[in-house]
Amino acid sequence: MNVSNLFSIAINMENVNSIEDEFHVRLTEPVDLDELCNPDGRGSEFEVVLPEAPEEKQYFDEEDVFKHLNYEVNNVDGSDSEDDNQTPFDSIAKKMFSVIGDGSVMKRVKRVGSGEVIPKAYTATIHYEGYVEYCDVPFDSTRLRGKTQKIRLGEGQVILGLEVAVGTMRKGEKSDFLIQHQYAYGPMGVPPRIPGNATVLFVVELLNYSDTPLVPDMDTWSAERRKDATFEEILDIANAYRKAGNDAFNGDENGHKRISKAASQYIKAIRLLENARLANQSEEDEMKRVLLKLYLNLALCDIKQGQCPRALSNCIKALEIDPQNIKAMYRRGQALWHSNEFDKGRHWILKAQKLNPKDAHIQAELRKLDRKKAEMDQLHKATYQRMFASANSTSKSSDVAKEAKTKDKQKKCTPEAQDLLQTKLKEFIKDDVLTEMPFALDTLTSAETEYLQQAALEMGLEVRTLHQNSDKYLKILKPKPEAEQ
């Protein structure tokens, strides 16, 4: 076939049927059948219309792919090889060392990690990009997929070469690995992206590792499979969720994010166990033992997220399993006093202290409770008193009082009053315990009340007006954190 797609085909009469069965194309002009069927002829010359080649499938967003191009696999790194026969991977291999005796897996450290090399049978959390030679676009990338990869070493969850590679790394390390085909995708490859017998380059970053087993994906189980699951299977999965929650809680992410992740894992485990079908008392005892840990862990997450009602509920469930559990009493007390129920909180923390009088954490919590209660009492006392000179202080009759009150309402909020109100609001925001702050309206002028409302709203606080008997209060509240899904 030439550039114009012009074909010269000599067809024997005895082959016409077989060709018709196997080959169908559209012609630009009719064919002279007499000439085509003449055994002594020279055949027939005709032009065919070839179908357009299908567009290559786009696996990732083009803009994102551009950020992960690896020019080195094309030898576009500014260095010239003295050997014209040297391939890009040959050049890369010269900068590496072998991690296997036969050199089937080669390594180059790009960023040194810390701590010990990941132990065998641990679960690794990694990011990676995979490349074939002469193609700077990754054939696979966890970063382009937007999700890290977890692998349990020794369980064959990825190609052997990648597992060997990860097994040589430390936490935080980033390295390149050249992996020959026998440790990668073999003689068949993975068409169309990975040819057969292809050596591949992996850029791997070990983010973290732990001894927590991977949690089986129950979402892939059929309804029948779920129904037939044994208690031992459910317990194993619940414990895996619990350990994953512990890892998240002790992880390196920012406070709210790691606690939210931990709580999510604990909730999954709790739901599994609470709905498990039990065959005997032994299974029930084991379920309660694990649930007790989960309720206590989730209660701690709830307290740190400011979800004290849910924390209180989980503490009550824990105490139903073990009425003498010190942690459950302690955290119940925490949840109560963080909800400004200081007396009830003190009661439960003292119960925990009675069972463990020398516990330093309990003693410290009692001191913190007393300090916050004193601050709250002082704050309430200050807000229920007149913050500024009362117009009624010099009044000797009801008429004089009314006149003074009218004049007071007409006054503007003074700079001194504004500073004081701003200070009160800022202190309230910084306080990690208080969730609300009341102001008695009879202690404020109308101008001061209006200024307080406006300042609170500008700081992202909520404002409510409450009536209690004949008194009116302006209550300032912090916005509640989002509920755990």
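Here is what the cut-offs are and how they apply
- Residues numbered from 1 in each chain as written.
- Predicted model: local features only at pLDDT ≥ 70, side-chain atom pairs only at ≥ 80, totals over all residues.
- Heavy atoms only, no water.
- UniProt positions renumbered as here; feature names shortened; annotations may be inferred.
- Helix = DSSP H or I, 4+ residues; strand = E, 2+ residues; numbered from the N terminus.
- Contact = heavy atoms within 4.5 Å.
- Areas by Shrake-Rupley, 256 points an atom, 1.4 Å probe, with all protein chains shown as cover.
- pLDDT = per-residue confidence, 0-100.
- Core = buried A, V, L, I, M, F, W, Y, C linked by side-chain atoms within 4.5 Å.
- Buried < 20%, exposed > 50% of the residue type's maximum accessible area, 1.4 Å probe, protein only.
- Expected span 1.5 Å × (residues − 1).
- Arc of directions from axis to C-beta.
- Phe/Tyr/Trp six-rings, centres within 6.5 Å; stacked < 30°, edge-to-face > 60°.
- Lys NZ or Arg CZ within 6 Å of the ring centre and 35° of its normal.
- Axes fitted to C-alpha atoms, helices over the stretch in contact; angles between N-to-C directions.
- Parallel < 35°, antiparallel > 145°, perpendicular 65-115°, else oblique.
- Left-handed = near helix turned anticlockwise from the far one by under 90°.
- Nonpolar A, V, L, I, M, F, W, Y, C, P; charged D, E, K, R; others polar.
- Patch = residues over 30% accessible without salt bridge, like charges linked within 9 Å, V, L, I, M, F, W, Y side chains within 5 Å.
- Salt bridge = Lys/Arg side-chain N within 4 Å of Asp/Glu carboxyl O.
- Lys, Arg positive; Asp, Glu negative; His and termini not counted.
- Charge placed at Lys NZ, Arg CZ, Asp CG, Glu CD.

- An unreviewed UniProt entry lists the protein under the name peptidylprolyl isomerase, from Patiria miniata.
- Recorded in UniProt under Catalytic activity (unreviewed entry), the annotation for the protein is "[protein]-peptidylproline (omega=180) = [protein]-peptidylproline (omega=0)".

### Re the overall build of the protein
Step number 1: Secondary structure summary: the protein contains 17 helices and 15 strands in total.
Step number 2: A separation of at least 24 residues holds for 64% of the contacts in the protein among residues at least 6 apart in sequence.
Step number 3: Just so you have it, the protein exposes about 29500 Å², and 49% of that area is on carbon and sulfur atoms.

### Digging into the environment of N75
Step number 1: Relative to the helices and strands, N75 resides in the loop between helix 3 (62-66) and helix 4 (88-93).
Step number 2: Residues N75 and D136, 61 residues apart in the sequence, show an inter-C-alpha distance of 9.7 Å.
Step number 3: Not counting the four nearest positions on each side in its chain, N75 is found in contact with P88 and S91.

### Describing the confidence of the model for the protein
Step number 1: Per-residue confidence for the protein gives a mean pLDDT of 81; residues scoring 70 or more make up 79%.
Step number 2: Segment residues 1-21: pLDDT under 50, and 20 contacts once partners within four positions in sequence are set aside and those in other chains are kept.
Step number 3: Counted against residues more than four places away or in other chains, residues 388-392, with its pLDDT under 50, gives 10 contacts.

### Comments concerning the nonpolar core
Step number 1: Core analysis: the biggest nonpolar cluster contains 44 residues, and Y266, L273, L291, L294 and C301 have the highest contact counts within it.
Step number 2: Of all elements in the fold, only helix 8 (231-249), helix 9 (255-274), helix 10 (281-304), helix 11 (308-321), helix 12 (326-337), helix 13 (342-355) and helix 14 (360-384) reach the threshold of two or more residues within this core.
Step number 3: Once you skip the residues sitting within four places of it in the chain, L273 turns out to touch I234, L235, A238, M287, V290, L291 and L294.
Step number 4: Membership of the second largest hydrophobic core comes to 26 residues, among which are V105, F177, Y183 and F202.

### Here's the deal with helix 16 (residues 415-430)
Step number 1: Between its first and last C-alpha, helix 16 extends 23 Å over 16 residues, near the 22 Å set by a 1.5 Å rise per residue.
Step number 2: Listing the buried residues of helix 16 in full gives A417, L421, L425 and F428. One face of helix 16 carries all of its buried residues, which in axial projection span an arc of 65 degrees. When the buried face of helix 16 is taken as reference, the exposed residues oriented beyond 90 degrees from it are P415, E416, D419 and K430.

### Things to note about the packing of aromatic side chains
Step number 1: Under the definition given, this model contains five aromatic pairs.
Step number 2: Geometrically, the ring pair formed by Y122 and Y209 is edge-to-face, given 6.0 Å between the ring centres and 70 degrees between the ring planes. Of this pair, Y122 sits in the loop between strand 6 (114-117) and strand 7 (123-132) while Y209 sits in strand 12 (residues 200-210), placing them 87 residues apart in sequence.
Step number 3: Taking relative accessible area as the criterion, Y122 reaches 26% and is therefore assigned partly exposed.
Step number 4: Where F139 meets Y185, the ring centres are 5.9 Å apart and the plane angle is 85 degrees; that geometry is what we call edge-to-face. Of this pair, F139 sits in the loop between strand 7 and strand 8 (140-141) while Y185 is found in the loop between strand 11 (174-179) and strand 12, placing the two residues 46 residues apart along the sequence.
Step number 5: Clustering of aromatic rings is evident, with ring pairs tying together Y128, F139, Y185 and F202.
Step number 6: Of note, R258 hangs over the ring of F249, and the distance from its end group to the ring centre comes to 5.4 Å.

### Topic: the packing of helix 11 against helix 12
Step number 1: It is the contact of helix 11 with helix 12, at a shortest axis distance of 9 Å, that shows an interaxial angle of 160 degrees. Classified by the angle between their axes, helix 11 and helix 12 sit roughly antiparallel to one another. Here the hand of the crossing between helix 11 and helix 12 comes out left-handed. Note on element contacts: helix 12 touches helix 11 through A328, M329, R331, R332, A335 and L336, opposite C308, A311, L312, C315, I316, A318 and L319.
Step number 2: In terms of residue class, the contact of helix 11 with helix 12 is made up of 11 nonpolar, no polar and two charged.

### Section: a negative patch on the surface
Step number 1: Together, D61, E62, E63 and D64 line one region of the surface with negative charge.
Step number 2: According to the relative accessible area criterion, E63 is exposed, its value standing at 63%.

### Structural notes on helix 17 (residues 446-458)
Step number 1: For helix 17, which comprises 13 residues, the first-to-last C-alpha distance of 18 Å matches the rise-based estimate of 18 Å (1.5 Å per residue) to within 8%.
Step number 2: When we look at burial in helix 17, the residues that qualify are A447, E448, T449, L452, A455 and A456.

### Looking at a nonpolar patch on the surface
Step number 1: On the surface, F97, V109 and V112 cluster together to form a nonpolar patch covering roughly 290 Å² of accessible area.
Step number 2: Within the fold, V112 resides in the loop between strand 5 (105-111) and strand 6.
Step number 3: Its relative accessible area of 68% is what places V112 among the exposed residues.

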